Amino acid sequence: MTRRASMDEAVGLLEGELGPRPPAALVTEDVWLAFLRFGRRRFHVPGTPDADGLLFEYGTYAFDGPRMFTLDLSRQFEVSDSDGDHDHYVQVHCELRYGLAPALEALGSFNSWFFHDAGDDLEAWAQGLTGRAAWTAIHRLKPAGTRVYQERV
């Protein structure tokens, strides 16, 4: 049986999947494929169906500056307390930001979750996302910025 990684290793493992190239050299599809490799890794999490999830979401937002089209690829881990009850979640984000363009803004917003151990198929989920019209618009674009970070939610 393969060792499951600790949640504490998640940021480093995602950054490792992104590889040595500078973020400016990557197109959206490169980042997506790296995120899927990261998404296939299994982590030590509580044994509940929603304890380890992947999130694909996009939209036009102004989080900490001017409005930009943002694609956020996230992994969410449930953290339990000493009694085994839900305490909080930890999310590891790979956020891609693009200059605001009418074609991107017209995509609106969208989100889709996948959870390991919930009976869904990761590959089918990924194919469904890359089959969307939005994917055609963004898969070859170079993000203006890419950021990997972790937060407690």
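In the block above lies the structure referred to throughout.
Residues numbered from 1 in each chain as written. Predicted model: local features only at pLDDT ≥ 70, side-chain atom pairs only at ≥ 80, totals over all residues. Heavy atoms only, no water.

Describing the side chain of Gln91
- If you trace the backbone, Gln91 turns up in strand S3 (residues 86-98).
- Looking at Gln91, the relative accessible area reads 11%, which means it is buried.
- One polar contact links Gln91 to His93, side chain to side chain, over a distance of 3.2 Å.
- Beyond its immediate chain neighbours, meaning those up to four positions away, Gln91 contacts Arg75, Gln76, Trp113, Tyr149, Gln150, Glu151 and Val153. (Helix = DSSP H or I, 4+ residues; strand = E, 2+ residues; numbered from the N terminus. Buried < 20%, exposed > 50% of the residue type's maximum accessible area, 1.4 Å probe, protein only. Polar contact = N/O pair within 3.5 Å; in protein donor to acceptor, adjacent residues only side chain to side chain. Contact = heavy atoms within 4.5 Å.)

Brief notes about the packing of helix H2 (residues 28-40) against helix H4 (residues 122-130)
- In contact at an axis separation of 11 Å, H2 and H4 are set at 160° when each is read in the N-to-C sense. Between H2 and H4, the angle is such that the two are roughly antiparallel. Crossing angle aside, the handedness with which H2 passes H4 is right-handed. Where H2 abuts H4, its residues Trp32, Leu36, Gly39 and Arg40 lie against Leu122, Glu123, Trp125, Ala126, Leu129 and Thr130.
- Residue composition of the contact of H2 with H4, grouped by class: six nonpolar, two polar and two charged. (Axes fitted to C-alpha atoms, helices over the stretch in contact; angles between N-to-C directions. Parallel < 35°, antiparallel > 145°, perpendicular 65-115°, else oblique. Left-handed = near helix turned anticlockwise from the far one by under 90°. Nonpolar A, V, L, I, M, F, W, Y, C, P; charged D, E, K, R; others polar.)

Description of the sheet that holds strand S5 (residues 145-152)
- Within the open sheet, the five strands sit side by side as S4-S1-S2-S3-S5. Their pairing is antiparallel. The two strands at the open ends of the sheet, each matched to only one other strand, are strand S4 (110-115) and S5. The sheet shows a mean angle of 15° between the axes of neighbouring strands, taken without regard to direction.
- Pairing analysis gives six bridges linking strand S1 (residues 52-61) to S4, with the strands arranged antiparallel. Paired with Phe56 across the strands is Ser112, a residue of S4.
- Most of the contacts of H4 go to S4, to which it runs at about 170°, and overall it touches S1 and S4. (Pairing = 2+ DSSP bridges.)

A short note on the pattern of salt bridges
- The final tally for this structure, using the stated rule, is 12 salt bridges.
- Glu17 serves as the salt-bridge partner of Arg41, at 3.4 Å between the closest nitrogen and oxygen. Pair noted here: Arg41 is in the loop between H2 and S1 and Glu17 is in helix H1 (residues 10-18), with a separation of 24 residues, a long-range link.
- Its relative accessible area of 33% is what places Arg41 among the partly exposed residues.
- You can call Glu17 buried: its relative accessible area is 17%.
- Residue Asp30 pairs with Arg21 through a salt bridge whose shortest N-O separation is 3.7 Å.
- Judged by its relative accessible area of 44%, Arg21 is partly exposed. (Salt bridge = Lys/Arg side-chain N within 4 Å of Asp/Glu carboxyl O.)

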